[in-house]
Amino acid sequence: MADDVQTAPKLREALRGIPAYRPGKIPDASAFKLSSNENPYPPLPGVLEKVQQSCENFNRYPDMGVSLLSAEIAERFGVPVEHVATGTGSVGVAQQLLQATSGPADEVIYAWRSFEAYPIITQISGATSIKVPLTADERHDLDAMADAVTERTRLIFVCNPNNPTGAAITKDELVRFLDRVPGDVLVVIDEAYKEFVRDPEVPDGVELYRDRPNVAVLRTFSKAYGLAGLRVGFAIAHEPVADALRATAVPFGVNSLAQVAAVESLRAEEALLERCEALVQERTRVLAALREQGWTVPSSEANFVWLRLGERTVDFAAKAEAAGVVVRPFAGEGARITIGEVEANDIFLRVAAEFAD
Ligand SMILES: Cc1ncc(COP(=O)(O)O)c(C=O)c1O
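Sequence order as written defines the numbering, with residues in each chain counted from 1. Under the rules for a predicted model, residues below a pLDDT of 70 receive no local features and side-chain atom pairs below 80 are neither given nor counted, while totals for whole chains, interfaces and linings still include all residues. To obtain the side-chain values, all non-hydrogen atoms of the structure were used and water was disregarded.

### Focus: the overall build of the protein
To qualify as a helix, a DSSP run of H or I must reach at least 4 residues; to qualify as a strand, a run of E must reach at least 2; elements of each kind are numbered from the N terminus. A count of helical and extended segments in the protein gives 12 helices and 12 strands. All radius of gyration figures rest on C-alpha atoms, and the globule criterion is 2.2 Å times the number of residues raised to 0.38. Here the C-alpha atoms of the protein give a radius of gyration of 21 Å, agreeing with the 21 Å that 2.2 N^0.38 yields for 357 residues. By its C-alpha atoms, the protein is 60 × 55 × 50 Å across when sized along the principal axes. Summary of the burial criterion: residues with accessible area below 20% of their type's maximum are buried, those above 50% are exposed, and those between are partly exposed, where the area comes from a 1.4 Å probe applied to protein chains only. Looking at the protein as a whole, 53% of its 357 residues qualify as buried. The criterion used for residue contact is that any of the two residues' heavy atoms lie within 4.5 Å. For the protein, contacts bridging at least 24 residues in sequence account for 72% of all contacts bridging at least 6. Accessibility throughout is a Shrake-Rupley quantity obtained with a 1.4 Å probe, and a residue counts as covered only by protein chains that appear here. For the protein, the accessible area works out to roughly 16600 Å², and carbon and sulfur atoms hold 53% of it.

Set out below in structure tokens:
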């Protein structure tokens with residue numbers, strides 16, 4: 001046995017003080033969960049049956065190349081299959097993008113506040129986060145983000161629409177930004193909520209990546225497709241980046257049930273679009289009601305709304321929970337509330353009405 005049994009294993013210095021990812025609180029059985037931007041619907045038609053059938057084979061490893069799913073994604077989005085790379089949720093793919101591009105002495109730029117995994121996975125990579133504050137109207141400040149680019153910048157996250165504010169940037173704004181970013185900096189357009197976007201000015205990242213080798217688009221099956229628990233997401237990127245994602249993937253990371261469910265969900269697009277439309281209509285209703293109550297609330301292109309409550313945030317979340325809905329508070333800043341079942345949205349609106357005056 002070594003002499004120094006008392007000393008702990010040496011961990012990487014970069015991990016010191018790493019912020020913990022806080023999952024949306026799990027409510028008790030009687031409350032609605034509006035804290036994780038999940039889809040309130042059951043699996044799309046046919047998905048559960050296929051997954052149940054495939055359960056019989058889970059003594060076997062999954063298809064390591066995720067070939068069937070990648071081919072379906074390529075066909076659905078009209079891109080070469082070599083441009084598709086899958087991972088364990090889009091957050092898994094985002095982490096691989098960092099592994100592929102960034103390390104100590106490098107810089108990663110993103111808006112703040114934005115998706116709370118960005119600072120965590122950036123810190124794990126060893127790179128430095130450069131957080132660019134949102135504008136007063138809760139949107140990315142793309143000019144400031146372009147100004148923040150230095151020789152050290154390796155990757156920029158653009159979250160469109162932004163989590164947690166719901167605000168989206170337009171095609172003109174994004175193109176102008178992309179034109180300013182050097183070609184050796186990877187821009188990751190994170191479109192986790194793309195299926196809920198209705199503003200025609202908001203671009204489809206998949207169109208923008210086509211003639212830009214330094215752009216990658218992140219998509220997920222967790223939100224609109226309702227597969228959050230199965231953990232599967234993907235990137236569409238030019239071959240060098242997609243190859244790097246395959247090289248950094250955990251072998252067999254995308255499990256067999258997730259692969260089957262994602263393929264089947266892509267094939268149920270009609271039902272998917274109907275569900276998204278119903279949630280968008282609820283979003284419209286909720287936003288109108290909030291404004292009627294006197295709230296200043298940013299337009300949302302995602303499946304959630306954002307209330308900038310400042311010091312009242314934690315109190316609001318507690319009152320919402322007591323009333324039967326669990327929301328996502330960011331203490332001192334605001335609360336993000338997922339659009340869920342009509343009944344849940346109504347409870348949230350009642351709590352908001354009490355808070356408005
Ligand atoms: C902007 C954004 N990107 C990525 C993700 C990660 O989703 P998943 O890893 O489930 O695909 C989320 C989830 O909340 C998100 O809000």
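Past the structure itself, the notes keep going.
### Notes on the pattern of salt bridges
Here a salt bridge means any side-chain nitrogen of Lys or Arg lying within 4 Å of a carboxyl oxygen belonging to Asp or Glu. Counted according to the given criterion, the structure contains 21 salt bridges. Residues arginine 328 and glutamate 116 are paired through a salt bridge, measuring 2.5 Å at the closest nitrogen-oxygen approach. Of this pair, arginine 328 sits in strand E11 (residues 328-330) while glutamate 116 sits in the loop between strand E3 (107-112) and helix H4 (117-125), and the two are 212 residues apart along the sequence. Among the residues examined, arginine 328 registers a relative accessible area of 7% and is labelled buried. Given the relative accessible area of 15%, glutamate 116 is considered buried. A salt bridge links glutamate 277 to arginine 198, with the shortest nitrogen-to-oxygen separation between them at 3.0 Å.

### Observations regarding the pairing of strand E4 (residues 128-133)
Two strands qualify as a pair provided that DSSP identifies no fewer than 2 bridges between them. In this sheet, E4 lies alongside E3 in parallel orientation, the contact comprising six bridges. Looking across to E4, one finds that isoleucine 109 is bridged to isoleucine 130. The handedness of a crossover follows from its direction of travel: if, with the strands pointing away from the viewer, the path from the first strand over the helix to the second runs clockwise, the crossover is right-handed. As a crossover connection, the stretch from E3 through H4 into E4 is right-handed.

### Points about the site of the ligand
Inspection of the region around the ligand gives 13 residues, with Ser90, Asp190, Tyr193, Thr220 and Ser222 positioned closest. Between an oxygen atom of the ligand and a side-chain N or O atom of threonine 220, the distance comes to 2.5 Å. According to the grid-proximity analysis, the pocket containing the ligand is the largest pocket. Counting residues per element, the shell around the ligand draws most heavily on helix H3 (residues 89-101), which supplies three residues. Counted by class, the shell around the ligand contains five nonpolar, five polar and three charged residues. Nearness here has a simple test: a residue counts as near a molecule or strand if at least one of its heavy atoms is within 4 Å of that partner. N or O atoms within 3.5 Å of each other form a polar contact, as long as, within protein, one can give a hydrogen and the other can take it, and as long as residues adjacent in sequence are counted only when both atoms are side-chain atoms. The rule is simple: put a 1 Å grid over the protein atoms alone, call a set of points where a 1.4 Å probe fits but cannot get out a cavity, call an open set with protein on both sides within 12 Å along at least five of seven lines a pocket, and count a residue as lining if it has an atom within 4 Å of a point. To decide whether a molecule occupies a pocket or cavity, check its atoms: if more than half lie within 2 Å of the grid points, it is inside. Each residue is assigned to one of three groups, with Ala, Val, Leu, Ile, Met, Phe, Trp, Tyr, Cys and Pro labelled nonpolar, Asp, Glu, Lys and Arg labelled charged, and all others, Gly among them, labelled polar.

### Quick notes on the packing of H3 against H4
Each axis is a line fitted through C-alpha atoms, taken for helices only over the stretch in contact, and angles between the N-to-C directions span 0 to 180 degrees. Contact geometry for H3 and H4: axes closest at 9 Å, N-to-C directions at 35°. Considering how the two elements wind past one another, H3 and H4 form a crossing that is right-handed. Each of Val91, Ala94, Gln95 and Leu98 in H3 lies in contact with H4, whose residues at this interface are Ala117, Ile121, Thr122, Ile124 and Ser125. Helix crossings fall into two classes, left-handed where the near helix is turned counterclockwise from the far one by less than a right angle and right-handed where it is turned clockwise.

### Description of unusual backbone geometry
Cis geometry is adopted by the peptide bond preceding proline 161, which originates at asparagine 160 and carries an omega value of -5°. The residue proline 161 is located in the loop between strand E5 (153-159) and helix H6 (171-180) in this model. Of the consecutive residues asparagine 163 and proline 164, the connecting peptide bond is found in the cis state with omega at 15°. Relative to the assigned elements, proline 164 resides in the loop between E5 and H6. In this structure, valine 66 takes a positive phi of about 45° despite not being glycine.

### With respect to the UniProt feature "modified residue: N6-(pyridoxal phosphate)lysine" (unreviewed entry) in the protein
UniProt positions are given in the numbering used here, feature names are shortened, and annotations may be inferred rather than shown by experiment. Under the UniProt annotation, "modified residue: N6-(pyridoxal phosphate)lysine" (unreviewed entry) lies at Lys223. Looking at where lysine 223 falls in the secondary structure, it is placed in the loop between strand E7 (215-220) and strand E8 (233-237). For lysine 223, a relative accessible area of 16% puts it in the buried group. Lysine 223 has contacts with Ser36, Asn37, Asn39, Ala192, Tyr193 and Phe196, leaving out every residue within four places of it along the chain.

### Observations regarding the layout of surface pockets
Where empty space is left becomes clear once a probe the size of a water molecule has been rolled over the atoms. Grid points are joined across faces, edges and corners, and a volume is the space filled by probe spheres set on the points. Its boundaries defined by the atoms lining it, the largest pocket holds a volume of some 580 Å³. Elements with a contribution of two residues or more to the lining of the largest pocket: H3, E7 and E11. If one sorts the elements of the lining of the largest pocket by residue count, H3 sits on top with four residues. A class-by-class count of the residues in the lining of the largest pocket yields 12 nonpolar, 10 polar and nine charged.

### Structural notes on the environment of glutamine 52
If you trace the backbone, glutamine 52 turns up in helix H1 (residues 47-55). Each C-alpha atom of the pair glutamine 52 and arginine 16 lies 42 Å from the other, and the pair is 36 residues apart in sequence.

### Section: the sheet that holds strand E12 (residues 334-338)
With antiparallel pairing, three strands are arranged side by side in an open sheet as E9-E12-E11. Both outer strands of the open sheet, strand E9 (304-307) and E11, are each paired with one neighbouring strand and no more. Strand-to-strand twist of the sheet, defined as the mean angle between neighbouring strand axes without regard to direction, takes the value 20°. Note: E11 against E12, three bridges, orientation antiparallel. Looking at the pairing, phenylalanine 330 lines up with glycine 334 of E12.

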